[in-house]
Amino acid sequence: MPFNDLRRPQVSQADDILAITRRVLESGWPIHGPQHQAFEGALARCVGTSHAVGVASGTDALEIALRATQTDDRKTVITVANAGGYTTVAALAVGLDVRFCDIDPSTLLMAPCALAETLDSDVFAVVVTHLYGRLAEVGAIRDLCADHDVAVIEDCAQAIGARNDNGSAGSLGDLATFSFYPTKNLGAIGDGGAITTSDDDLAARVRQLRQYGWSGKYTITCPGGRNSRLDELQAAVLDYRLPNVDEWNRRRDIIKAYSEATTPAIRVLSAQGDHHSGHLAVVEVEDSSSLARHLKEHGIQSAVHYPTPDHLQPAIKGTLGDVSLPVTERKRDRILSLPCFPELTSDEIVRVCDAMASYRG
Ligand SMILES: *Cc1c(COP(=O)(O)O)cnc(C)c1O
């Protein structure tokens, strides 16, 4: 049983996607045409911001968001080290200093109390990742950042559609980034990403930065620009798929089934409620490789999100000064992700539940 199976949605939607492809081809707009404009509008309405700007990937979105928010000589960005390295890679590409903040032991998300100890006058932005699909404590983080005039960037790659009383993921900070990598809750049939914001100045800067720094054709007025565009075909497929996000977020029900089947040896991270998109079904156990072996014996694939914290990655280790992240490091060998995608059949879900129930640790 696969950890994910992208053939399932692509086969069931193949006729629609072929018709969309034909429409895009016949429109004569490969880039930044009417489909792209329609998708930007639909995404902004869905997230609840004044602007959504398409870009080529989630990592590009992070890079451009960081460039757009850095408006003085402060050069440090704070993020967590357990969220896959995307923010760190983007920040290093921009030439920024990266500082890490430890996580909450129960949610594995950025801990506001740890952030409070990490903030100082070198910091211009905090990137908060809604990891696994769960909204982080953006309110508390914003309050801390406001005291230091620091921008809050939400990484919503895993959390599209998650919401709380204050709004949806992507509308809670100054700026937010999305990825439409095919395995995300809203996936393209290739790469894609977006940035949302309700700040007109930031939106204007982001639009320039994604296209060479142009103010208009062939006039470069914004430094740090590059080419990162969401192509018309991806935008058209995303616009077609966007209305299904809430339905696909019933990944949460899969996680609920797992949490009801579990034994004391396994803690399923809760994903119940609108504040969670159900992106990944993550469990915590004493020894994740032993659970992975047990599942494999039952024919079930699993994965680890993520096996190596950013500061211990081979290309980064030792380059960012002394890093002490006791919770992040303690959790890395204890987490395991179970199959969780909307096309899983009920029989498959039962198989995972049965395998979990027979695990003794
Ligand atoms: C997938 C992901 C990204 C990167 O998105 P790409 O489109 O693959 O560049 C960034 N942040 C998080 C949390 C992700 O899950």
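Preceding block: the structure.
In this text the structure is predicted, and so the values were computed from the model without any measurement.

Student: Would you mind showing me how to read the overall build of the chain here?
Tutor: The helix and strand inventory of the chain stands at 14 helices and 14 strands. For 361 residues, the compact-globule estimate of 2.2 N^0.38 gives 21 Å, and the chain sits close to it at 20 Å. C-alpha extents for the chain along the principal axes are approximately 65 × 55 × 40 Å. Scored against the burial criterion, the 361 residues of the chain give a buried share of 53%. Within the structure as shown, the chain displays about 15,400 Å² of accessible surface, and the carbon and sulfur contribution to it stands at 48%. Of the side chains in the chain, 34 bear a positive and 47 a negative charge, and the two mean positions are spaced by 5 Å.

Student: I keep staring at helix α11 (residues 251-261) and nothing clicks. Help me out?
Tutor: An α-helix turns once every 3.6 residues. As a result, residues three or four positions apart point the same way. Within α11, the full set of buried residues consists of Arg251, Arg252, Ile254, Ile255, Tyr258 and Ala261. Residues of α11 that are buried make contact with α10 (245-248), β12 (267-268), β13 (281-284), β14 (335-338) and α14 (346-357).

Student: What is the right way to read empty space enclosed by the protein from this model?
Tutor: Gaps left between atoms are located by rolling a probe of water-molecule size over the structure's atoms. Considering all chains together, one arrives at 3 cavities of 30 Å³ or more under this definition. Approximately 170 Å³ is the volume attributed to the largest cavity. A breakdown of the residues in the lining of the largest cavity according to their chemical character gives 8 nonpolar, 6 polar and 5 charged. Around the second largest cavity sit Asn82, Ile103, Leu108, Tyr132, His305, Tyr306, Thr308, Pro309, Thr328, Lys331, Arg332 and Ile335, which together line it.

Student: Hey, could you run me through the state of the cysteines in this one?
Tutor: Chemically, a disulfide is nothing more than a covalent bond linking the sulfur atoms of two cysteines. In the structure shown here, the tally under the stated rule is 0 disulfides. We note that Cys340 lacks a disulfide partner, and the nearest cysteine sulfur, in Cys353, lies 11 Å from it. The buried category is assigned to Cys340, whose relative accessible area is 5%.

Student: I would appreciate a short explanation of the sheet that holds strand β1 (residues 51-55) in the present structure.
Tutor: Across a sheet, paired strands are connected by hydrogen bonds in the backbone, their directions being either parallel or antiparallel. One open sheet holds the 7 strands; their spatial order is β1-β9-β8-β5-β4-β2-β3, and the pairing between them is mixed. Each having just a single partner strand, β1 and β3 (97-100) make up the two edges of the open sheet. Across the sheet, the mean angle from the axis of one strand to that of its neighbour is 25 degrees, orientation sign disregarded. Relative to strand β5 (residues 151-155), strand β4 (residues 123-129) is paired through 5 bridges, and the arrangement is parallel.

Student: Help me understand the environment of Asn4 in this model?
Tutor: Residue position: Asn4 is located in the segment before α1 (7-12). The spatial distance from the C-alpha of Asn4 to the C-alpha of Pro339 is 6.3 Å, given a sequence separation of 335 residues. Residues contacting Asn4, with those up to four places away along its chain left out, are Thr183 and Phe341.

Student: Whenever I open this one, the side chain of Lys184 confuses me. Can you help?
Tutor: By the element assignment, Lys184 lies in the loop between β8 (175-179) and β9 (193-197). It is Asp155 that comes nearest to the buried, bridge-free Lys184 among opposite-charge side chains, at 7.2 Å. Those residues within four positions of Lys184 in sequence are excluded, and the remaining contacts are Ala157, Ser179, Arg251 and His279.

Student: Would you mind going over the sheet that holds β13 with me for this structure?
Tutor: In space, the 3 strands of this open sheet follow the order β12-β13-β14, with antiparallel pairing throughout. Either end of the sheet is taken by a strand with one partner, and the two such strands are β12 and β14. Sheet topology places β13 next to β14; 4 bridges connect them, and they run antiparallel. Each bridged residue has a counterpart across the sheet, and for Glu284 the counterpart in β14 is Ile335. Here helix α12 (residues 288-297) sits on the sheet and contacts β13 and β14; the angle it forms with β14, its principal contact strand, is near 25 degrees.

Student: Could you clarify how one ought to interpret the packing of aromatic side chains in this entry?
Tutor: To describe a pair of aromatic rings, you give the distance between the ring centres and the angle between the ring planes. The tally for this structure, following the rule as stated, stands at 4 aromatic pairs. Summarising the aromatic geometry, the rings of Phe39 and Phe180 are spaced 5.5 Å apart at their centres and angled 80 degrees between planes, so their arrangement reads as edge-to-face. Highlighted residues: Phe39 in helix α3 (residues 34-47) and Phe180 in the loop between β8 and β9, separated in sequence by 141 residues. Relative to Trp214, the ring of Tyr212 has its centre 4.7 Å away and its plane inclined at 55 degrees; by these criteria the two rings are tilted. With a relative accessible area of 30%, Tyr212 lands in the partly exposed category. For Trp214, a relative accessible area of 18% gives the class buried. The ring of Tyr86 carries the charged tip of Lys184 above its face, separated from the ring centre by 5.7 Å.

Student: Is there a simple way to think about the site of the ligand in this case?
Tutor: Around the ligand, a shell composed of Ser57, Gly58, Thr59, Tyr86, Thr129, Asp155, Ala157, Gln158, Ser179, Lys184, Gly192 and Tyr306 is seen. A distance of 2.8 Å separates an oxygen atom of the ligand from a polar backbone atom of Gly58. Out of a free accessible area of 390 Å², the ligand has 93% covered by protein chains. Looking at the shell around the ligand residue by residue, the classes come out as 3 nonpolar, 7 polar and 2 charged.

Criteria and thresholds
Residues numbered from 1 in each chain as written. Predicted model: local features only at pLDDT ≥ 70, side-chain atom pairs only at ≥ 80, totals over all residues. Heavy atoms only, no water. Helix = DSSP H or I, 4+ residues; strand = E, 2+ residues; numbered from the N terminus. Rg over C-alpha atoms; globule rule 2.2 N^0.38 Å. Buried < 20%, exposed > 50% of the residue type's maximum accessible area, 1.4 Å probe, protein only. Areas by Shrake-Rupley, 256 points an atom, 1.4 Å probe, with all protein chains shown as cover. Lys, Arg positive; Asp, Glu negative; His and termini not counted. Charge placed at Lys NZ, Arg CZ, Asp CG, Glu CD. Contact = heavy atoms within 4.5 Å. 1 Å grid on protein atoms, 1.4 Å probe; cavity = no way out; pocket = protein on both sides within 12 Å on 5 of 7 lines; lining within 4 Å. Points joined across faces, edges and corners; volume = space filled by probe spheres on them. Nonpolar A, V, L, I, M, F, W, Y, C, P; charged D, E, K, R; others polar. Disulfide = S-S within 2.5 Å. Pairing = 2+ DSSP bridges. Axes fitted to C-alpha atoms, helices over the stretch in contact; angles between N-to-C directions. Salt bridge = Lys/Arg side-chain N within 4 Å of Asp/Glu carboxyl O. Phe/Tyr/Trp six-rings, centres within 6.5 Å; stacked < 30°, edge-to-face > 60°. Lys NZ or Arg CZ within 6 Å of the ring centre and 35° of its normal. Near = heavy atom within 4 Å. Polar contact = N/O pair within 3.5 Å; in protein donor to acceptor, adjacent residues only side chain to side chain.

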